[in-house]
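# Residue-level structural notes
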Amino acid sequence: AEDRLADILARGTVRIATTGDYQPFSYKNPVTHEYEGLDIDLGRQLARELGVKLEWVPTSWPQLMADYEAGKFDIVMSGVSINLERQKKALFSIPYLKDGKTPITRCTDAQRFQTLAQIDQPGVNVIVNPGGTNEKFARSHLHHARLTVYPDNTTIFEQIASGKADVMMTDAIETRLQAKLRPALCAIHPNQPFTYSEKALLLPNDFRWKAWVDQFLHQAQARGTLDRLQTRWLSWPWLTQAPQNDLDTLLALMNERLKLMPDVARYKWNEQSAIEDLAREKTILADLVKQAEAAKVSPSLATAFFKAQIEAAKMVQHQLTDSWRQQQASRFEDIPDLKTEIRPRLDALTSQLIDALARNQTTLADPARQPLIESTAQRWIPQTQWGEAAKTASAPLLNPRP
Ligand SMILES: O=C(O)C(=O)C[C@]1(C(=O)O)C=C[C@@H](O)C=C1
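As the structure is a prediction and not an experimental result, all values here were calculated from the model. (Residues numbered from 1 in each chain as written. Predicted model: local features only at pLDDT ≥ 70, side-chain atom pairs only at ≥ 80, totals over all residues.)

### Description of the UniProt feature "domain: Chorismate mutase" (unreviewed entry) in the protein
Per the UniProt record, "domain: Chorismate mutase" (unreviewed entry) is found at residues 213-321. In residues 213-321, helix accounts for 78% and strand for 0%; the two terminal C-alpha atoms are 36 Å from one another. (UniProt positions renumbered as here; feature names shortened; annotations may be inferred. Helix = DSSP H or I, 4+ residues; strand = E, 2+ residues; numbered from the N terminus.)

Structure, rendered in structure tokens:
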């Protein structure tokens, strides 16, 4: 008989399938090309508890069940909803999140769109993305409101914010996330959605493996890990647009580097270690000069640029640590390890940043492009969040060099 758990342990690798298109669960960051999200963190933890390596298996919603039948993975972690059709073939873990369809609208109109009866009125513009459960729900419940099918998932919420549409009904978790990303929008009773559904992990037909996974999830729930993951990924500064050109990519990568610093600071807070690590800085600068030469980037530009990134990184960490000291914050839970997890990601970003510098060298050397660089910096490095640190990080791109 099949024993998937024994196979995984003998193989030394767990193969986790994910779609990479579903915030806050599974998202392939178009700047770093890394997966990020709640299910991604949970997957890393699952592999750690198994004591095996993790292999991500890219899949897609239309391919999911075909990939399952082809035996391509041991588990799916991607914000999958429990549904009885899928369960005719596969198994589900215990649920790790409750969800359901609920409205999202402008906060100024929150009182107007509490019930389905209020929403289903002539003169109300409801917007929906095509093809999924949202459209199915809208079509079966709306008979008087005007329904616009809008295919672009990345700008659909802008339509509501700008008044071109009034309301959308989607998963409560998505309404919470979008309301955080766009303060003009409010999630309407996300704790009491119109429908009931559950998220779980999709598994092959093997009950011993399911028992292990259920135990893992039960512990994550009981120990508060799942709540902490939800809080973290609902307040994450997700990308809301993909970079359009080389300059965008450079600034977006700088921002991704800064986005790792809160975890670095939390790690050091827990360990009570110093923010500055001069030995590490020396290693970074020595390695990058070699990489810069190979990529034909001027070593002095690369050095000045990375010194500024490191300076900005320390400013972010000091800013956070100061506020934690004031609040007498306690230890942080579930923080990734600095040596084995965060610094390797920073090293990967170093290579990507060098590539991006190489592709932008002519732009950076052209005084006529300074205003463009400045406006791009403002768009990509959230000034309100990092303040002075963002200015420090972009200074080497802006100050005309000799
Ligand atoms: O790796 C760390 O410990 C960090 O804090 C990050 C970082 C960096 O920006 O790369 C910043 C400050 C330290 O002095 C060393 C490195």
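### As for the site of the ligand
For the ligand, the full set of nearby residues is Val-264, Glu-276, Asp-277, Arg-280, Glu-281, Ile-284, Ile-310, Ala-313, Lys-314, Arg-343 and Leu-346. Of all the elements in the fold, those that place two or more residues in the shell around the ligand are helix H13 (278-294), helix H14 (299-327) and helix H15 (338-365). Class assignment for the residues of the shell around the ligand results in 5 nonpolar, no polar and 6 charged. (Near = placed C-beta within 6 Å. Nonpolar A, V, L, I, M, F, W, Y, C, P; charged D, E, K, R; others polar.)

### So, the nonpolar core
Formed by 52 residues in total, the largest nonpolar core has its most connected members in Ile-75, Val-126 and Leu-201. Of the domains in this structure, domain 1 (4-97 + 197-234) and domain 2 (101-187) are the two that each give at least three residues to this core. Every residue in contact with Val-126, bar those within four places of it in the chain, is listed here: Ile-119, Ala-138, Leu-142, Ala-145, Arg-146, Leu-147, Asp-166, Val-167 and Met-168. In terms of nonpolar packing, the next biggest core, distinct from the first, is built from 41 residues, Val-297, Leu-357, Ala-377 and Trp-380 among them. (Core = buried A, V, L, I, M, F, W, Y, C linked by C-beta atoms within 7 Å. Buried ≥ 20, exposed ≤ 12 C-beta atoms within 10 Å, placed from the backbone. Domains from an automatic or database assignment. Contact = placed C-beta atoms within 7 Å.)

### Details of unusual backbone geometry
Cis geometry is adopted by the peptide bond preceding Pro-24, which originates at Gln-23 and carries an omega value of 0 degrees. By the secondary structure assignment, Pro-24 is in the loop between strand E2 (21-22) and strand E3 (26-28). Not every positive phi belongs to a glycine, and His-33 is a case in point at roughly 60 degrees. For His-33, a count of 10 C-beta atoms within 10 Å translates into the label exposed. Of note, His-189 is a non-glycine position whose phi angle comes to about 30 degrees, a positive value. Tracing the sequence through the fold places His-189 in the loop between strand E13 (185-187) and strand E14 (197-199). Residue class for His-189 comes out partly exposed when judged on the 14 C-beta atoms lying within 10 Å of it.

### Structural notes on the domain arrangement of the protein
Interfaces are often sized by the accessible area lost when the parts come together. Partitioning the protein into structural domains gives domain 1 (4-97 + 197-234), domain 2 (101-187) and domain 3 (246-398). Inter-centroid distance (C-alpha atoms) of domain 1 to domain 3 is 31 Å. Considering only residue class, the side of domain 1 that touches domain 3 consists of 1 nonpolar, 2 polar and 1 charged.

### Thoughts on the environment of Gln-361
Relative to the assigned elements, Gln-361 resides in helix H15. The partly exposed category is assigned to Gln-361, around which 15 C-beta atoms lie within 10 Å. Note: C-alpha distance between Gln-361 and Thr-350 (11 residues apart in sequence) is 16 Å.

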